[in-house]
Amino acid sequence: MLDIDKANSLGKWIQNWKKTYGENPKLNECITWFEWKYEDKELSPSDKTSIATILKFNSEE
């Protein structure tokens, strides 16, 4: 499970991506960033679902 600080950090990264590239990142890009940032190579299916939810929330206009 993602803690609130990691979830907020991912949300900020998604927002910065959108400002830089003018589009939303893909789920795989979010997962790759998260694994790189937190050196957590073994994300559970629940973690990946949480990342997808954060991406969806931050993708809304």
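Above this text sits the structure in question.
Only a predicted model underlies this, so the values are computations on that prediction, with no experimental measurement involved.

The rules behind each value
Residues numbered from 1 in each chain as written. Predicted model: local features only at pLDDT ≥ 70, side-chain atom pairs only at ≥ 80, totals over all residues. Heavy atoms only, no water. Helix = DSSP H or I, 4+ residues; strand = E, 2+ residues; numbered from the N terminus. Rg over C-alpha atoms; globule rule 2.2 N^0.38 Å. Buried < 20%, exposed > 50% of the residue type's maximum accessible area, 1.4 Å probe, protein only. Areas by Shrake-Rupley, 256 points an atom, 1.4 Å probe, with all protein chains shown as cover. Contact = heavy atoms within 4.5 Å.

## Here's the deal with the overall build of the chain
Link 1 in the chain: When helices and strands are counted, the chain shows three helices and zero strands.
Link 2 in the chain: Each helix and strand of the chain, ordered N terminal to C terminal, gives the series α-α-α.
Link 3 in the chain: Over its C-alpha atoms the chain spans a radius of gyration of 11 Å, differing by no more than 12% from the 10 Å that the globule rule assigns to 61 residues.
Link 4 in the chain: Across its three principal directions, the C-alpha atoms of the chain cover 30 × 20 × 20 Å.
Link 5 in the chain: The proportion of buried residues among the 61 residues of the chain is 36%.
Link 6 in the chain: Carbon and sulfur atoms form 52% of the exposed surface of the chain, whose accessible area is close to 4500 Å².

## Quick notes on the environment of I54
Link 1 in the chain: Structurally, I54 can be placed in helix α3 (residues 45–59).
Link 2 in the chain: A sequence separation of 43 residues divides I54 from G11, and the C-alpha atoms of the two residues are 6.5 Å apart.
Link 3 in the chain: What I54 contacts, discounting residues up to four positions off in sequence, is L2, A7, L10, G11 and I14.

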